[in-house]
Structure formats: C-alpha cells, structure tokens
Amino acid sequence: MKKYNVAIVGATGAVGEELCRVLEEVDFPVNNLVPLASSKSAGLEVEFKDKTYKVLELTEKAFEENDVEIAFFSAGGDISAHYAPFAAEAGAVVIDNTSHFRMDPDVPLVVPECNPDDIDQWQNRGIIANPNCSTIQMVQVLKPLDDLFNITRVDVATYQAVSGAGKSGMEELVNQMQDFFAFKLDQCEPKTFAHQIALNVIPHIDVFMDNDYT
C-alpha cells in the first residue's frame, strides 16, 4: 500500500491532536508526519505511532520542502486562507477543517457518507472542505430523508462546546468554573470569548458575516 507524507497544520491544537489520534486509530498509511504550527510552537514535539516528531514552523514553502502529499488544516480560517493555496500549489491535497472555503463554489464541501462523488472536484483548487461539526452529524441523518421526501428547508439550533474554540476556549471554561466555586467569578475577565462562558450560552461562533450570522 502506498504511504503518504501527511501535514497537519495546527498540530499542537486540540483538533490537530485529535487528527493524529484518528490517523493512528485507523492505521492511515503515513510515510512521514509533518506537524506544522506557528513559530511559537515550533520545536515542540508530537507523538504518532510510537515515534516523536518535531513541530515545524508553518511557512509558505513548508509543504514543498517536506514533499507533503496530504495537508489537513485546522488552525483557523485566516491561516487556511493564506497557506492552503501554497499547499495546493506544492501538489498536496488540502483537507480544510475551517469555515473559510465552505461556501466557495470551486471547492467541494464533502461529507463522505452523503456526497462522496464530490471529492473528485478537489482538482479544481486542490482543496476539499468539510462542514461544521454539528452539520456533519445532521446531514447524515437528513440525507436518507431528503432522498425520500425532497427536503426544501431545515431550521436548526445548535448548542456547541467550547472545544470549538480550541485549547484556549476549554481552558477559559475550566478557569472560570474554578473561579465560580471560589466565589471569584465577578473578577474574571473573558479573553477567548467576548463574554463570560461559564454557566452561560452566547450567540457567537467564529466571526460575524455581513448578514450578521455567525
């Protein structure tokens, strides 16, 4: 079986760490793992299949220099917007986990259980996008219903975990809950979120668009 040089952009984040675990769990044929992150995380180490890999700094040339064939992006929309085209130009198949390319008409938005044939469109830009986590689960349920009844509209409300904001979001929730039980929550200043997240729900995920949706 052919093995691939696989890059993970955002390797030290919560999603990047989970990607490593999943690739190992399914025994994906990885020839060389290329963990990429910002300069402040470069030099850290990640474990994969009983081997240690040093985190490299994400640069425009990192994909070409490391012969990357598949690149997973999970470091935020701005990072994907800038660096994913360089990965594609270097010959890598980009699988983007952010919101940046989801509505791009030239980039296939794929949930394999629902529209696997659309993966072939990756050659348009060299990029495959995937939906938000709640959407992926939802469309797998809706797909057989749509096949039978031709659904025209779905109204959805989701309540999503702080893990969507990465490690900083999870740490902020833990710290604020500790402050709550220490009767210090009124002294807590939000950093990752715009408002207190402990014991709270806020209508804000990612960035606000022109139509005021987020």
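First things first, this report covers the structure right here in the doc. Not measured: the values here are computed from a predicted model. (Residues numbered from 1 in each chain as written. Predicted model: local features only at pLDDT ≥ 70, side-chain atom pairs only at ≥ 80, totals over all residues. Heavy atoms only, no water.)

1. Digging into unusual backbone geometry
Here is step 1 of the chain: Although it is not a glycine, Phe-183 sits at a positive phi angle of roughly 60°.
Here is step 2 of the chain: Here Phe-183 is to be found in the segment after helix H5 (167–181).
Here is step 3 of the chain: Residue Leu-199 is not a glycine yet carries a positive backbone phi of 55°.
Here is step 4 of the chain: Structurally, Leu-199 can be placed in the segment after H5. (Helix = DSSP H or I, 4+ residues; strand = E, 2+ residues; numbered from the N terminus.)

2. A few points about helix H4 (residues 133–149)
Here is step 1 of the chain: Under the 1.5 Å per step criterion, the end-to-end length of H4 is 24 Å for 17 residues, consistent within 8% with the ideal 24 Å.
Here is step 2 of the chain: A bend of about 35° at Leu-142 is the largest found in H4, and the proline Pro-144 appears one to four places after it.
Here is step 3 of the chain: Positive phi appears at Asn-150, one or two residues downstream of H4, with a value of about 55°. (Expected span 1.5 Å × (residues − 1). Bend = angle between axes of the 7 residues up to and from the residue.)

3. Observations regarding the environment of Ala-182
Here is step 1 of the chain: Take Ala-182: it is sitting in the segment after H5.
Here is step 2 of the chain: Judged by its relative accessible area of 38%, Ala-182 falls in the partly exposed class.
Here is step 3 of the chain: Through-space distance from the C-alpha of Ala-182 to that of Gly-169 is 20 Å; in sequence the pair is 13 residues apart. (Buried < 20%, exposed > 50% of the residue type's maximum accessible area, 1.4 Å probe, protein only.)

4. Focus: the pattern of salt bridges
Here is step 1 of the chain: Across all of its chains, the model carries seven salt bridges by this definition.
Here is step 2 of the chain: Between Asp-27 and Lys-49 there is a salt bridge; the shortest N-O distance is 2.9 Å. With a gap of 22 residues between them, Asp-27 in the loop between helix H1 (14–25) and strand E2 (30–37) and Lys-49 in the loop between strand E3 (45–48) and strand E4 (51–54) connect regions that are remote in the sequence.
Here is step 3 of the chain: Judged by relative accessible area, Lys-49 falls into the partly exposed class, the value being 29%.
Here is step 4 of the chain: One salt bridge in this structure joins Lys-143 and Asp-147, with 3.0 Å as the shortest N-O distance. Of the two residues, Lys-143 and Asp-147 are both situated in helix H4; the distance of four residues between them amounts to about one turn of the helix.
Here is step 5 of the chain: Classification of Lys-143 as partly exposed rests on a relative accessible area of 29%. (Salt bridge = Lys/Arg side-chain N within 4 Å of Asp/Glu carboxyl O.)

5. Section: the packing of aromatic side chains
Here is step 1 of the chain: All chains considered together, the criterion is met by four aromatic pairs.
Here is step 2 of the chain: Taken together, a centroid distance of 6.3 Å and an interplanar angle of 35° make the contact between Tyr-4 and Phe-28 tilted. Taken together, the residues Tyr-4 in strand E1 (residues 4–9) and Phe-28 in the loop between H1 and E2 connect sequence positions 24 residues apart.
Here is step 3 of the chain: Judged by its relative accessible area of 24%, Phe-28 falls in the partly exposed class. (Phe/Tyr/Trp six-rings, centres within 6.5 Å; stacked < 30°, edge-to-face > 60°.)

6. Quick notes on the state of the cysteines
Here is step 1 of the chain: Enumeration according to the criterion identifies zero disulfides in this entry.
Here is step 2 of the chain: Cysteine Cys-114 is unpaired, with the sulfur of Cys-133 as its nearest cysteine sulfur at 15 Å.
Here is step 3 of the chain: Taking the relative accessible area as the measure of exposure, Cys-114 reaches 18% and is therefore buried. (Disulfide = S-S within 2.5 Å.)

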